[in-house]
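In case you want the letters, here they are:
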Amino acid sequence: MSQLRKKDVFPYVSFYSRRTVLNEATGHSVPHHHDFYEVFIVEEGPILHHINGHVETLYPDTLVLVHPADYHFFSRKDQAPAQFFNLAFSQEQFEQAKKLAALCAPSTAQTPLADKVTLTHELSRLLLRRMKWLRDVTNPIPQEVQTTEGITLLIDILVLCAVGSGNVNLNPYWLRKACSEMRKQENMVQGIARLVELSGKTQEHLTRSMRKYMGTTPSAYVNTIRLERAAEELATTERPVFEVMLDVGFQNTSYFNKLFKEKYHVSPRKYRAGAMAILGKTE
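In this report, the structure presented in the accompanying data block is examined. Worth saying up front: this structure is predicted, and the values here are computed from it rather than measured.

1. Section: the sheet that holds strand β7 (residues 62-66)
Link 1 in the chain: If you trace the 5 strands from one edge of the open sheet to the other, you get β2-β9-β4-β7-β10, paired in antiparallel fashion. At either end of the open sheet lies a strand with only one pairing partner, and these are β2 (15-22) and β10 (116-118). Taken over all neighbouring pairs, the strand axes of this sheet differ in orientation by 20° on average, direction set aside.
Link 2 in the chain: Pairing analysis gives 7 bridges linking strand β4 (residues 37-44) to strand β9 (residues 82-89), with the strands arranged antiparallel. Across the sheet, residue Tyr37 finds its bridge partner in β9, namely Phe89.
Link 3 in the chain: Against the sheet, helix α3 (residues 121-136) contacts β2, β4 and β9, and its axis sits at roughly 120° relative to β4.

Spelled out as structure tokens, the structure:
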């Protein structure tokens, strides 16, 4: 699993912000997770956000909070132009801002945070201007000023997430934990039986809960995380496609190719070639 680390991505600053554009050359991002938090706002879309085994369609002026354990990537919907602007920050900054947000708005202290909030266009533009300021600020602005502005912005975002949480159907902890554990290679290859075992529930209970909270089924979820792992391996290694297929738990080449093409719209080999082209490599 590809992990982005704060010490590699933004080692010398408190906050890191950038714009990502998805076009014909970069139609999707590489599946990954990270050891830091991030929020992003969709500027142009729609965008498909693949996260923790399911897919969300996000439209302009949508704010999304991504947690360190979340496994995700982005792709275009219907080949439409798409871009978003994100702000990354450490777990320590998140906890600091969360405490300060509770002081500013005490009613938010016990309120679960929404992972997705629809903003007004005006509010979206205001937050984007502040995020872009953090990206563009340079010396002689002291680091303390950037950190203070970043924390202030983050407080506002967390309050918005708390206010917006009334529309969110939160997954039970046991389900989030089981799905997270299934991403480990030794669990993934065992398939649905292992997911049922990790959940501690009956398969019927697990199926009902996954339909209710995630809009998917155990078999579809297992196939999704296997395909995402295969896509990551194809994009970042030179291992043979057949070996990657077996390693994620598929046993039938035709079935694997069929599912992969349904999800990524290209064959595994073409996916690898496209990823290598984006990274400036040749197969």
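2. Thoughts on the nonpolar core
Link 1 in the chain: Among the nonpolar cores identified, the biggest contains 31 residues, and Leu195, Met210, Tyr221, Phe256 and Phe260 are the most heavily contacted of them.
Link 2 in the chain: Looking at this core, the elements that each hand over two or more residues are α5 (173-182), α7 (192-199), α8 (203-214), α9 (218-236), α10 (241-248), α11 (253-264) and α12 (268-278).
Link 3 in the chain: Looking at this core element by element, the count peaks at 8 residues for α9.
Link 4 in the chain: The residues contacting Tyr221, other than those within four sequence positions of it, are Asn52, Gly53, Cys179, Ser180, Met182, Arg183, Leu195, Met210, Met214 and Thr216.
Link 5 in the chain: If you look at the next biggest cluster of nonpolar residues, it comprises 28 residues, including Ala97, Ala101, Leu153 and Leu158.

3. Observations concerning the environment of Glu233
Link 1 in the chain: Here Glu233 is to be found in helix α9.
Link 2 in the chain: Separated by 202 residues in the primary sequence, Glu233 and Pro31 have C-alpha atoms spaced 9.6 Å apart.
Link 3 in the chain: Once you skip the residues sitting within four places of it in the chain, Glu233 turns out to touch Arg239, Val244 and Arg272.

4. A closer look at the environment of Val30
Link 1 in the chain: By secondary structure assignment, the location of Val30 is in the loop between β2 and β3 (33-34).
Link 2 in the chain: The class of Val30 is partly exposed, set by a relative accessible area of 32%.
Link 3 in the chain: Residues Val30 and Ala231 lie 201 residues apart in sequence; the distance between their C-alpha atoms is 7.9 Å.
Link 4 in the chain: Other than its neighbours up to four places away in sequence, Val30 contacts His72, Phe73 and Thr236.

5. A closer look at the sheet that holds strand β5 (residues 47-51)
Link 1 in the chain: Spatial strand order, β6-β5-β8: 3 strands in an open sheet with antiparallel pairing. On the outer flanks of this sheet lie β6 (54-58) and β8 (72-76), each paired with one strand and no other. Each adjacent strand pair in this sheet contributes to an overall mean axis angle of 25°, direction not counted.
Link 2 in the chain: In this sheet, β6 lies alongside β5 in antiparallel orientation, the contact comprising 5 bridges. When the bridges of β6 are listed, Leu48 appears paired with Thr57.

6. Topic: the pairing of β4
Link 1 in the chain: Taken across its 8 residues, β4 has 7 buried, putting it largely inside the fold.
Link 2 in the chain: Taken together, the 4 bridges between β4 and β7 define a ladder with antiparallel strand orientation. Paired with Glu38 across the two strands is Val66, which belongs to β7.

7. Looking at unusual backbone geometry
Link 1 in the chain: Here the residue pair Gly45 and Pro46 is connected by a cis peptide bond, since its omega of 15° sits within 30 degrees of zero.
Link 2 in the chain: In this fold, Pro46 is placed in the loop between β4 and β5.
Link 3 in the chain: One non-glycine residue, Asn52, lies in positive phi territory at about 50°.
Link 4 in the chain: Considering the arrangement of structural elements, one finds Asn52 in the loop between β5 and β6.
Link 5 in the chain: A relative accessible area of 23% places Asn52 in the partly exposed class.
Link 6 in the chain: Positioned with a positive phi, Asp61 is a non-glycine residue whose angle comes to about 75°.
Link 7 in the chain: As for its placement among the helices and strands, Asp61 is situated in the loop between β6 and β7.

8. Re the pattern of salt bridges
Link 1 in the chain: Summed over the entire model, instances satisfying the criterion amount to 13 salt bridges.
Link 2 in the chain: With a closest N to O distance of 2.8 Å, Asp8 and Arg5 form a salt bridge.
Link 3 in the chain: Residue classification places Arg5 among the partly exposed positions, given a relative accessible area of 34%.
Link 4 in the chain: Between Glu181 and Lys184 there is a salt bridge, with the nearest N and O atoms lying 3.0 Å from each other.
Link 5 in the chain: Beyond isolated ion pairs, a larger network of salt bridges with shared partners links Glu233, Arg239, Glu243 and Asp247.

Here is what the cut-offs are and how they apply
Along each chain, residue indices are assigned from 1 in the same order as the chain's sequence is written. For a predicted model such as this one, the threshold for reporting local features is a pLDDT of at least 70, and the threshold for listing and counting side-chain atom pairs is 80 or more; totals across whole chains, interfaces and linings nevertheless cover every residue. Values shown for side chains rest on all heavy atoms present in the structure; no hydrogens or waters enter the calculation. The rule for pairing is simple: two strands pair if DSSP sees at least two bridges between them. Runs of H or I in DSSP of at least four residues are treated as helices and runs of E of at least two as strands, each being numbered from the N terminus. Here an axis means a line fitted to C-alpha atoms, over the contact stretch when the element is a helix, while the angle between two N-to-C directions is reported on a 0 to 180 degree scale. Residues are treated as being in contact if the distance between any of their heavy atoms lies within 4.5 Å. What we call a nonpolar core is a set of buried Ala, Val, Leu, Ile, Met, Phe, Trp, Tyr and Cys residues that are connected through their side-chain atoms within 4.5 Å. For every residue, the accessible area obtained with a 1.4 Å probe (protein chains only) is divided by the maximum for its type, and the residue is called buried under 20%, exposed over 50%, and partly exposed between those limits. Any Lys or Arg side-chain nitrogen located within 4 Å of an Asp or Glu carboxyl oxygen qualifies as a salt bridge.

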